[in-house]
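So the chains spell out like this:
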Amino acid sequence: MFSCLAGFIEPGESIEEAIKREVVEESNIKIGNVIYHSSQPWPFPSQLMIGCWAEAISEEIVIDKDVSLIYFLSFPQSIPINK
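Residues numbered from 1 in each chain as written. Predicted model: local features only at pLDDT ≥ 70, side-chain atom pairs only at ≥ 80, totals over all residues. Heavy atoms only, no water.

J.: Sorry if this is basic, but what is going on with the overall build of the protein here?
T.: Per the secondary structure count, the protein includes two helices and two strands. From first element to last, N terminus to C terminus, the protein shows the α and β order α-β-β-α. Burial statistics for the protein: of 83 residues in total, 17% are counted as buried. Considering only contacts within the protein whose residues lie at least 6 apart along the sequence, 39% involve residues at least 24 apart. Carbon and sulfur atoms form 59% of the exposed surface of the protein, whose accessible area is close to 6800 Å². (Helix = DSSP H or I, 4+ residues; strand = E, 2+ residues; numbered from the N terminus. Buried < 20%, exposed > 50% of the residue type's maximum accessible area, 1.4 Å probe, protein only. Contact = heavy atoms within 4.5 Å. Areas by Shrake-Rupley, 256 points an atom, 1.4 Å probe, with all protein chains shown as cover.)

Right under this line is the structure:
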């Protein structure tokens, strides 16, 4: 089973800043352009799950202790078949 990298937005941080920070923390991949995709409620009070696309500007991966595998998807590969 695979999942996207995830994290929390810190107070005063934008969605884009949080995504860039979390991706670097968990994978060491630096990203540039971040595009909002969608959102849905998270099953905990006062929380929202936000999905975004991001463009990698580096390719050197250093896997965090909480992550077992990371790989790149091209944009067409990452589009879900069923919404």
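J.: Sorry if this is basic, but what is going on with the pattern of salt bridges here?
T.: Two side chains carrying opposite charge are able to pair once their charged atoms lie near each other. Within the structure shown, the criterion is met by three salt bridges. Here arginine 21 ties to glutamate 22 by a salt bridge, and the two come within 3.0 Å at their closest N and O atoms. Two residues, glutamate 25 and arginine 21, come together in a salt bridge whose shortest N-O distance is 3.3 Å. In this pair, glutamate 25 and arginine 21 both sit in helix H1 (residues 15-27), four residues apart, roughly one turn of the helix. On the basis of relative accessible area, arginine 21 is assigned to the partly exposed category, the value being 21%. Counted as one network, the salt bridges with shared partners bring together Glu13, Arg21, Glu22 and Glu25. (Salt bridge = Lys/Arg side-chain N within 4 Å of Asp/Glu carboxyl O.)

J.: Is there a simple way to explain H1 in this structure?
T.: Side chains three or four residues apart in an α-helix point the same way, a direct result of the helix having 3.6 residues per turn. In a regular helix each residue adds 1.5 Å, so 13 residues correspond to 18 Å; H1 covers 18 Å between its end C-alpha atoms and thus fits that length. Of all the positions in H1, only Ala18, Ile19, Glu22, Val23, Glu26 and Ser27 are classed as buried. For H1, the arc enclosing every buried residue in end-on projection is 125 degrees, short of the 170-degree limit, so these residues lie on one face. On its buried face, H1 sits against strand S1 (31-41) and strand S2 (48-56). Of the residues trailing H1, asparagine 28 is marked for its positive phi of about 70 degrees. (Expected span 1.5 Å × (residues − 1). Arc of directions from axis to C-beta.)

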